[in-house]
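One letter stands for each residue in the lines below.
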Amino acid sequence: MSTYGQLLTDGIEQLSGLEYSDAALEAKELMGLAVGKDCRGTEFEELMWQECSESTEQSFFDLVVRRLSGEPLQYIIGEWDFCGLHFKVGRGVLIPRQDTELLIDIAVKLYKNSDSISVIDLCAGTGCIGLTLEQKLRVSELTLIEKYTDAFEYLLENKLALGSSAHIVKGDVTDETLTEQQMQADLIVCNPPYLTAADMGQLQKEVRAEPVEALFGGEDGLDLYRAVTRLWKHKLKEGGALLFEIGASQADEVMQLMIQHGFRDVRVKKDYAGNDRAVIGFRREA
Ligand code: GLN
């Protein structure tokens, strides 16, 4: 029989073989899942010296094996935090990234004094962008669009869990008919797949477990920016904003594209790691 503390030490040792991971944090998360408690805080310290049952030990090591096989921690846990909210995640949906929180900051700064804004979130995935904005701003109408069935199920679950009144649509954002059916919005946000063919060849193991549809943006990574800018500019109210997440080397091309399509005040914003991460532009007033 082992104590919880010994188990944790063994888990940390095994997980430390993983690249790009904080083994101690991950082991505590997995322990929490096996024990059914949050093992990151002081509550767990009291458990450390106690013996744990064989079944707990077994479930803990089963989880460690899943993690060692390359399954992302977030999928194993089944949810992940984004801007302080919990989003359900699992196979088939992109895991919310901290980098993406930049889009929330930008939108909140822009609209915090607005009484009522309408928002469309394209390629919504978990819904983390649109559903977070609904919590942080006075959003009168919110539409989230997601094409893929697995991701759409998570979107639906997250909408329900957050008590959101958003309108969710299963569809392809490059479909002109679907575009025409949507309302005009003050803000359109989009974190499209933007990795290039070259990027796809060098993905970290964990990212390879995420859906390729949410990652791969065509040979140069820009397919969705072209389609979305062309089709959705008509769905912005005058003065409305189109806000994209971008890959770190895509700022110039995405800005150029938006300028060609008549957007004004097109700007790039950096994320907390200092990489170009978002581009925003506004529809001209007539
Ligand atoms: N930021 C993600 C990554 O680097 C890519 C997500 C996307 O293509 N929108 O893995």
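It should be noted that the structure appears before, not after, this text.
Residues numbered from 1 in each chain as written. Predicted model: local features only at pLDDT ≥ 70, side-chain atom pairs only at ≥ 80, totals over all residues. Heavy atoms only, no water.

Chemist: Would you mind going over the site of the ligand in detail, with residue names and values included?
Modeler: Around the ligand sit Arg97, Asn191, Pro192, Pro193, Tyr194, Ala214, Leu215 and Glu245, and those are all the residues in its vicinity. Here Arg97 contributes a side-chain N or O atom positioned 2.8 Å from an oxygen atom of the ligand. Look at the ligand: alone it shows 300 Å² of surface, and the protein chains cover 85% of it. Here the residues of the shell around the ligand sort into five nonpolar, one polar and two charged. (Near = heavy atom within 4 Å. Polar contact = N/O pair within 3.5 Å; in protein donor to acceptor, adjacent residues only side chain to side chain. Areas by Shrake-Rupley, 256 points an atom, 1.4 Å probe, with all protein chains shown as cover. Nonpolar A, V, L, I, M, F, W, Y, C, P; charged D, E, K, R; others polar.)

Chemist: I'd like to hear about unusual backbone geometry, residue by residue, with values.
Modeler: Within the chain, Cys123 stands out as a residue other than glycine whose phi angle is a positive 55°. Locating Cys123 in the fold gives a position in the loop between strand 3 (117-122) and helix 7 (128-136). Although it is not a glycine, Asp265 sits at a positive phi angle of roughly 50°. Mapped onto the elements, Asp265 comes out in strand 8 (residues 264-270). Classification of Asp265 as partly exposed rests on a relative accessible area of 44%. (Helix = DSSP H or I, 4+ residues; strand = E, 2+ residues; numbered from the N terminus. Buried < 20%, exposed > 50% of the residue type's maximum accessible area, 1.4 Å probe, protein only.)

Chemist: Go over the pattern of salt bridges with me, naming the residues and quoting the values.
Modeler: Tallying each qualifying case throughout the model produces 14 salt bridges. Salt-bridge contacts for Arg277 lead to Asp99; the nearest nitrogen and oxygen are separated by 3.9 Å. Pair noted here: Arg277 is in strand 9 (residues 276-282) and Asp99 is in the loop between strand 2 (85-88) and helix 6 (101-111), with a separation of 178 residues, a long-range link. What makes Asp99 partly exposed here is its relative accessible area of 29%. The salt bridge partner of Lys270 is Asp276, with a shortest N-O separation of 2.9 Å. Overlapping salt bridges, with partners in common, bring together Glu26, Arg67 and Glu206 in one network. (Salt bridge = Lys/Arg side-chain N within 4 Å of Asp/Glu carboxyl O.)

Chemist: Give a description of helix 8 (residues 149-161) that names residues and reports values.
Modeler: The terminal C-alpha atoms of helix 8, which comprises 13 residues, lie 18 Å apart, in line with the 18 Å expected from a rise of 1.5 Å per residue. For helix 8, the elements touching its buried residues are strand 2, helix 7, strand 4 (139-146) and strand 5 (167-170). Immediately beyond the C-terminal end of helix 8, within one or two residues, lies Gly163, with a positive phi of roughly 60°. (Expected span 1.5 Å × (residues − 1). Contact = heavy atoms within 4.5 Å.)

Chemist: Tell me about the environment of Ala185, and name the residues and values.
Modeler: Mapped onto the elements, Ala185 comes out in strand 6 (residues 185-190). Separated by 66 residues in sequence, Ala185 and Val119 have C-alpha atoms that sit 5.5 Å apart. Setting aside anything within four residues of it in sequence, one finds Ala185 in contact with Ser118, Val119, Ile120, Lys235, Leu236 and Lys237.

Chemist: Kindly report on the pairing of strand 7 (residues 236-245), identifying the contributing residues and their values.
Modeler: Counting buried positions along strand 7 yields seven of ten residues, so the element is predominantly enclosed. Two elements, strand 6 and strand 7, share five bridges in a ladder whose sense is parallel. Note that in strand 7 the partner of Ala185 across the bridge is Leu236. As judged from the five bridges shared by strand 7 and strand 9, these two strands associate in the antiparallel manner. Paired with Leu243 across the two strands is Ile280, which belongs to strand 9. (Pairing = 2+ DSSP bridges.)

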